[in-house]
Amino acid sequence: MCAFQIAIDGPAGAGKSTIAKKIAEKLSFIYIDTGAMYRALTYEVLDRKIAIDNIEEIIHIAKNCNIAFKNKDVFVNNNKVNDDIRSRRVNENVSYIAKIPEVRNILVDRQKKIASNNNIVMDGRDIGTKVLPNANLKIFLTASVEERALRRYNEIKCNNSNVDIESIRSEIVKRDAMDESREHSPLKKAINAVTIDTTGLTIKEVVENILILVRKQCINI
Ligand code: DC
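From a predicted model like this one, the values you see are computed outputs, not experimental measurements.

Colleague: Outline the side chain of Arg175, listing residues and values.
Modeller: Structurally, Arg175 can be placed in helix H8 (residues 165-181). Buried Arg175, no salt bridge; nearest opposite-charge side chain is Glu171, N-O distance 4.8 Å.

Colleague: For unusual backbone geometry, give the residues involved together with the corresponding values.
Modeller: For Lys49, which is not a glycine, the phi torsion comes out positive at approximately 60°. Here Lys49 lies in the loop between helix H2 (34-47) and helix H3 (55-64). Judged by relative accessible area, Lys49 falls into the exposed class, the value being 73%. Backbone geometry at Asn117 places phi at a positive 65°, although glycine is not the residue there. Checked against the element boundaries, Asn117 lands in the loop between helix H5 (101-115) and strand S6 (120-124).

Colleague: Explain the side chain of Asn91 to me, and be specific about the residues and the numbers.
Modeller: For Asn91, the position within the fold is in helix H4 (residues 88-98). At a separation of 3.3 Å, a polar atom in the side chain of Asn91 contacts the side chain of Glu171. Beyond its immediate sequence surroundings of up to four residues, Asn91 is in contact with Arg39, Arg86, Glu171 and Arg175.

Colleague: Account for the sheet that holds strand S3 (residues 67-70), with residues named and values stated.
Modeller: Pairing is antiparallel in the open sheet, where 3 strands are placed in the order S3-S4-S5. In this open sheet, the two strands that pair with only one neighbour each are S3 and strand S5 (79-80). Of the pairings in the sheet, the one linking strand S4 (residues 73-76) to S5 comprises 2 bridges and is antiparallel in character. Bridging across to S5, Val76 finds its partner in Asn79. In the packing of H2 onto the sheet, contacts are made with S3 and S4, and the angle to S3 comes to roughly 125°.

Colleague: Run through the packing of H2 against H3, naming residues and quoting values.
Modeller: Between H2 and H3, the shortest axis-to-axis distance is 10 Å and the interhelical angle comes to 125°. With respect to each other, H2 and H3 are oriented oblique. Judged by the twist between their axes, the crossing of H2 over H3 is right-handed. Of H3, the residues touching H2 (which contributes Leu41, Glu44 and Val45) are Ile58, Ile61 and Ala62. Broken down by class, the residue content of the contact of H2 with H3 amounts to 5 nonpolar, no polar and 1 charged.

Colleague: Now, about the nonpolar core: what can you tell me, with residues and values included?
Modeller: Leu41, Val103, Met122 and Leu132 are the most contacted members of the largest nonpolar core, which has 36 residues in total. Elements with a contribution of two residues or more to this core: H2, H3, S4, H4, H5, S6 and helix H6 (127-131). In terms of residue count, the dominant contributor to this core is H2 (7 residues). Core analysis: the next-biggest nonpolar cluster, separate from the first, contains 22 residues, Ile6, Ala20, Ile23 and Ile139 among them.

Colleague: For the site of the ligand, give the residues involved together with the corresponding values.
Modeller: Around the ligand, the structure places 17 residues, and the nearest of them are Arg39, Arg104, Arg125, Asp126 and Arg175. Between the ligand and the protein, one listed contact pairs an oxygen atom with a side-chain N or O atom of Arg39 at 2.7 Å. Separating an oxygen atom of the ligand from a side-chain N or O atom of Arg182 is a distance of 2.9 Å. About the coverage of the ligand: the protein hides 99% of its 450 Å² of free accessible area. Contributing elements (two or more residues each) for the shell around the ligand: H2, H4 and H8.

Reading the values: rules and limits
- Counting from 1, residues in each chain are numbered in the order their sequence is written.
- With pLDDT at 70 or above as the cut-off, local features in this predicted model cover only qualifying residues; side-chain atom pairs require 80 or more to be listed or tallied, and sums for whole chains, interfaces and linings still use all residues.
- By convention in this description, side-chain values take in all heavy atoms of the structure and omit both hydrogens and water.
- Going along the chain from the N terminus, every DSSP run of H or I of four or more residues is numbered as a helix, and every run of E of two or more is numbered as a strand.
- Buried, partly exposed and exposed residues are distinguished by accessible area as a fraction of the type maximum, computed with a 1.4 Å probe on protein chains only: under 20%, between the cut-offs, and over 50%, respectively.
- Only four residue types enter the tally: Lys and Arg on the positive side, Asp and Glu on the negative side, with His and both chain ends excluded.
- Here a salt bridge means any side-chain nitrogen of Lys or Arg lying within 4 Å of a carboxyl oxygen belonging to Asp or Glu.
- By the criterion applied in these results, polar contacts are pairs of N or O atoms within 3.5 Å in which, for protein atoms, one can donate a hydrogen and the other can accept it, and in which residues neighboring in sequence qualify only through two side-chain atoms.
- Residues count as neighbours in contact if any of their non-hydrogen atoms are within 4.5 Å of one another.
- Each pair of strands is called paired provided DSSP finds at least two bridges between the two strands.
- Note on geometry: axes are C-alpha line fits, over the in-contact stretch for helices, and angles between N-to-C directions span 0 to 180 degrees.
- Here the word oblique covers every angle except those under 35 degrees (roughly parallel), over 145 (roughly antiparallel) and from 65 to 115 (roughly perpendicular).
- Crossing handedness follows the turn of the near helix against the far one: under a right angle anticlockwise gives a left-handed crossing, and clockwise gives a right-handed one.
- For this classification, the nonpolar set comprises Ala, Val, Leu, Ile, Met, Phe, Trp, Tyr, Cys and Pro, the charged set comprises Asp, Glu, Lys and Arg, and every other residue, Gly included, is treated as polar.
- In these notes, a set of buried Ala, Val, Leu, Ile, Met, Phe, Trp, Tyr and Cys residues joined through side-chain atoms within 4.5 Å is what counts as a nonpolar core.
- Nearness is judged by heavy atoms alone; a residue qualifies as near a molecule or strand once a single heavy atom is within 4 Å of it.
- Note on areas: Shrake-Rupley, 1.4 Å probe, and residue coverage restricted to the protein chains presented here.

And the structure:
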C-alpha cells in the first residue's frame, strides 16, 4: 500500500467521523477527528469557567493543554472526555473557539505533525484546504440539513428523550453558517475534492464509494 493521506471535510452531521473511522479501519490507517480537538479545547475552557470572549486566556489554554487520542478515547490533560465533548454546551460554543486564528494555528500545527509520515484519514472543515493541502484524496461529504438533523436526533434520543428535532436542526444551521463565514479557514470544498452527497445513502455505500476512489488513486501514483 502506498503512503496515503485522505482528507474528509464537510458540514456538521454529514457523517464525516463515522465514515472516516470506517475507512481508517478498512485500510489500517490512523484516524484523527480534528473536530474532537476543537471540542476538547472548548470543553476545557468551559470547565475552567473561562468566558468565551476571553481570547487571551483561551489561546493560553490552547498552547498548554494536552489533547491526546488513545485507542478510541479522547483525553484532555489525561482526563477522558469522550462524552463531555459531545454535550450541548460544547456544541453551542465550539464554533466561537474554532474561529480564533491563533487557536487554529496551534491545532493545525499539531494536526500536520500527527499526519506527517503516516497513512492517515483526517476529518474536519479545513483538512483539504489547509491542514493537508497535498492529500492524495480529498472528499467533501454533504447531506441535506433535514437528513443531518434526523441523524443527530436519532443518535441523541437514545440517551435523552428530551430532545426535539427542530432545535437540533437550527443548531446545525447556525453552526454551518458560523463555520462557512468565519474569516480564517472557513468550511469550504477544496478545488480538487470529490463531493459525495450522502443523503439517502447508507454508511456502507458511502464507504464503498470512497474505497473505490482510494484504489483508483493508488493506481495513479
Ligand atoms: O466535526 P465536529 O462537528 O465535531 O466539529 C466541531 C466544530 O469544530 C465545528 O463546528 C467547527 C470546528 N472545526 C473546525 O473549525 N475545523 C476543523 N478542522 C474541525 C472542526
